Amino acid sequence: MATFHFELVAPDKVLFSGMAQAVLVPGNEGDFQVLSEHAPVMTSLRPGVVGIDDAQGKHVRVYVRGGFADASRHGVIILAETAIPFEDLSADELGQEIKNAEEDLADANEDQKRIAQEKLDRLRELRDSMKLG
């Protein structure tokens, strides 16, 4: 399978930098998969899991919250506000994320409620899929 350069960068570290076969991105308008020679696209991210199939076919998952993804002819880069390798994600951390999202929803004005509710729903789905609580 054809590969492309991919980087996943958080404020404090680079979580992935190398060749990938495919990357699943939790875009604001929905998940999308990037393969070699993907059409250029830039989007903001919603809370979710980035799925990476590296050049050797190993699957890596990283939880991200906030940030941007940019796919171009040069490859893909994700600049995440928060990024935690899936295996390092704990029930406590995810519980805190959910608590923060619940507070954001309670404080949201009418225009912000839909976005805050979607974020909370996505975090709860993630927790349930991971069977963390």
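In case you missed it, the structure is sitting above this.
All figures in this text were calculated on a predicted structure; none of them were measured in a lab. Throughout, residues of each chain are indexed from 1 in the direction in which the sequence is written. Where local features are concerned, this predicted model is filtered to residues with pLDDT of at least 70; where side-chain atom pairs are given and counted, the filter is 80 or more; whole-chain, interface and lining totals use all residues. Neither water nor hydrogens contribute to the side-chain values; these are computed over all heavy atoms in the structure.

*Asks:* Could you clarify how one ought to interpret the pattern of salt bridges in this entry?
*Replies:* Where charged atoms of side chains with opposite charge meet at close range, the side chains can pair. Salt bridges are defined by distance alone: a side-chain nitrogen of Lys or Arg within 4 Å of a carboxyl oxygen of Asp or Glu. Under the defined criterion, the tally for this structure stands at five salt bridges. Notably, a salt bridge pairs Arg65 with Glu97, separated by 2.6 Å at the nearest N-O pair. One end of the pair, Arg65, is in strand S6 (residues 59-72); the other, Glu97, is in helix H1 (residues 91-107), with 32 residues separating them in the sequence. Remark: exposure states derive from per-residue accessible area (1.4 Å probe, protein chains only) relative to the maximum for the residue type, with buried under 20%, exposed over 50%, and partly exposed in between. Residue Arg65 is classed as partly exposed on the basis of its relative accessible area, which comes to 21%. For Glu97, a relative accessible area of 13% translates into the label buried. Numbering goes from the N terminus for both helices and strands, where a helix is a DSSP run of H or I of at least four residues and a strand is a run of E of at least two.

*Asks:* I'm lost on the packing of aromatic side chains in this one. Help?
*Replies:* Centre distance and the angle of the planes are the two values used to describe a pair of aromatic rings. Whether two aromatic rings pair depends on their centres lying within 6.5 Å, for rings of Phe, Tyr and Trp, where Trp uses its six-membered ring; planes under 30 degrees apart make the pair stacked, over 60 edge-to-face, and the rest tilted. Within the structure shown, the criterion is met by one aromatic pair. With 5.5 Å between their ring centres and 40° between their planes, Phe6 and Phe16 make a pair best called tilted. Taken together, the residues span a long stretch of sequence, with Phe6 in strand S1 (residues 4-10) and Phe16 in strand S2 (residues 13-27) at a distance of 10 residues. The pair Phe6 / Phe16 is uniform in exposure class, with both members buried.

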